[in-house]
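Structural description and commentary
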Amino acid sequence: MRISCIIVNYQRPALLRLALQSLARAVLPTTDIEVIVVDSASTPETRAVIRDEGATLFQNIILVARTENTGYTKGNMLGAERATGEYVCILNPDIVPERGSLEALAQTLAEDASIGLIAPTLLNFDGTVQASTFRMPTLASILARRMWIPGRRAVIHSYLYADSTEQPLRHVDWALGAALMTRRETLSRVGFFDPTFFHYLSDVDWARRIWDNGLTVVRTSRARMYHYLRRESKGRFWLWDALMKQTTRWHILDGMRYLRRYGLFPQRLQT
């Protein structure tokens, strides 16, 4: 089997170097791996990482250099257009996979044709389980994660799944887009990200469409990856951040697009 890994980088050459090194250590020697780096707002430094180091780590590595900031959504879509693997994996550059984790994701997909999208268990770098699987967002959950509202704790509790490494496989509404894998045939059947979303909630929208097409979204504990969660759009002062932080504005605008499409109180897909 061939696994195509898409990494979208945005002006972080040092992080990209670490991502490629981590991926090379995680992949088993017998795996046919194709690495596609989409370099958003490309710089000579990041292109040099691919030329000087990436090419020595991987036999099949492709650079897609863009002059503009493509964002998460379009960047991954550009990578998927170049992918030739039977399995397509999205990896953020701040992901460190455990050895054999990509193969475990692909093997689970191969064993169960009902799965349309699979996510690993994400860990913080202290070894604790990171919240990475969620129920479908509502207006209340979007607001509660950014500001105080009445019943905020209960809203957030109902939005999160109680993550546990004890469950080998768990069905979830959606999983964080930092690390995901699907089949090429699922992309043909369902499509990929919707370019309407620039940076946020495209993973949520994609998961919903996968469910709507009769496939499932799962998280497995058979594959584990470490994730440095930055939450770049999060701030202490919601209205001030909306004015001053570009990432917060992206998040708000993409949230508005999502709620316009699915309503203020979208139906939950899993208990």
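As shown above, the structure is provided for reference.
Numbering of residues begins from 1 in every chain and follows the order in which that chain's sequence is written. Thresholds applied to this predicted model are a pLDDT of at least 70 for local features of residues and 80 or more for the giving and counting of side-chain atom pairs; totals over whole chains, interfaces and linings are not thresholded and use all residues. Hydrogen atoms and water are omitted, and side-chain values are computed over all heavy atoms in the structure.

**Considering helix α3 (residues 71-82)**
By the criteria applied, helices consist of DSSP H or I runs no shorter than four residues and strands consist of E runs no shorter than two, each listed in order from the N terminus. What a helix should span is 1.5 Å times the count of its residues minus one. In a regular helix each residue adds 1.5 Å, so 12 residues correspond to 16 Å; α3 covers 17 Å between its end C-alpha atoms and thus fits that length. The rule is simple: take the accessible area with a 1.4 Å probe, protein chains only, and divide by the maximum for that residue type; under 20% is buried, over 50% is exposed, in between is partly exposed. For α3, the complete set of buried residues consists of Gly71, Tyr72, Thr73, Gly75, Asn76, Leu78, Gly79 and Ala80.

**A look at the packing of helix α1 (residues 13-26) against helix α2 (residues 44-57)**
Relative orientation of the contacting elements α1 and α2 amounts to 15°, with a least axis distance of 9 Å. The angle between α1 and α2 falls in the class roughly parallel. Here α1 runs over α2; the crossing is right-handed. Between α1 and α2, the contacting residues are Pro13, Leu16, Arg17, Leu20, Gln21 and Ala24 on the first element and Glu45, Thr46, Val49, Ile50, Glu53, Gly54 and Leu57 on the second. Only Asp, Glu, Lys and Arg are considered charged, only Ala, Val, Leu, Ile, Met, Phe, Trp, Tyr, Cys and Pro nonpolar, and every remaining residue, Gly among them, polar. Taken together, the residues of the contact of α1 with α2 break down into 7 nonpolar, 3 polar and 3 charged. Throughout, an axis means a line fitted to C-alpha atoms (over the contacting stretch in the case of helices), and angles, computed between N-to-C directions, take values from 0 to 180 degrees. These descriptions rest on fixed angle ranges, namely under 35 degrees for roughly parallel, over 145 for roughly antiparallel, 65 to 115 for roughly perpendicular, and the rest for oblique. For any pair of crossing helices, the crossing counts as left-handed if the nearer helix is rotated counterclockwise from the farther one by less than a right angle, and right-handed if it is rotated clockwise. Every residue pair with non-hydrogen atoms within 4.5 Å of one another is taken to be in contact.

**Some words on the side chain of Thr31**
When you line up the elements, Thr31 lands in the loop between α1 and β2 (32-40). Relative accessible area serves as the criterion here: at 16%, Thr31 is assigned to the buried category. In this structure, Thr31 is in contact with Ile3 and Glu103, ignoring residues within four places of it in sequence.

**Some details on unusual backbone geometry**
A positive phi angle, close to 55°, is found at Gln11, a residue other than glycine. Mapped onto the elements of the fold, Gln11 is located in the loop between β1 (2-10) and α1.

**Digging into the pattern of salt bridges**
Salt bridges, as used here, are contacts in which a Lys or Arg side-chain nitrogen is within 4 Å of a carboxyl oxygen on Asp or Glu. Taken as a whole, this structure holds 8 salt bridges when the rule is applied. One salt bridge connects Glu34 with Arg2, and the closest N-O pair in it is separated by 3.6 Å. In this pair, Glu34 sits in strand β2 while Arg2 sits in strand β1, placing the two residues 32 residues apart along the sequence. You can call Glu34 buried: its relative accessible area is 4%. A relative accessible area of 23% places Arg2 in the partly exposed class. Each of Arg2, Asp32 and Glu34 takes part in a single network of salt bridges with overlapping partners.

**Examining the packing of aromatic side chains**
Under the pairing criterion, centres of Phe, Tyr and Trp rings, with the six-membered ring standing for Trp, must be within 6.5 Å; the plane angle then separates stacked pairs below 30 degrees from edge-to-face pairs above 60, leaving the rest tilted. With the rule as written, the count across this model stands at 7 aromatic pairs. With a centroid separation of 5.3 Å and an interplanar angle of 25°, the aromatic rings of Phe134 and Tyr159 are classed as stacked. Taken as a pair, Phe134 in strand β7 (residues 133-134) and Tyr159 in helix α6 (residues 152-159) lie far apart in primary sequence, 25 residues in all. Looking at Tyr159, the relative accessible area reads 6%, which means it is buried. With centroids separated by 4.8 Å and ring planes inclined at 80°, the aromatic side chains of Phe192 and Trp206 adopt a geometry described as edge-to-face. Of this pair, Phe192 sits in the loop between α7 (184-190) and α8 (202-212) while Trp206 sits in helix α8, and the two are 14 residues apart along the sequence. Judged on exposure class, the residue Phe192 and its partner Trp206 are both buried. Two conditions define a charge sitting above a ring: the NZ of Lys or the CZ of Arg must be within 6 Å of the ring centre, and it must be within 35 degrees of the ring normal. Seen from the ring of Tyr161, Arg135 lies directly overhead, with NZ or CZ sitting 4.3 Å from the centre.

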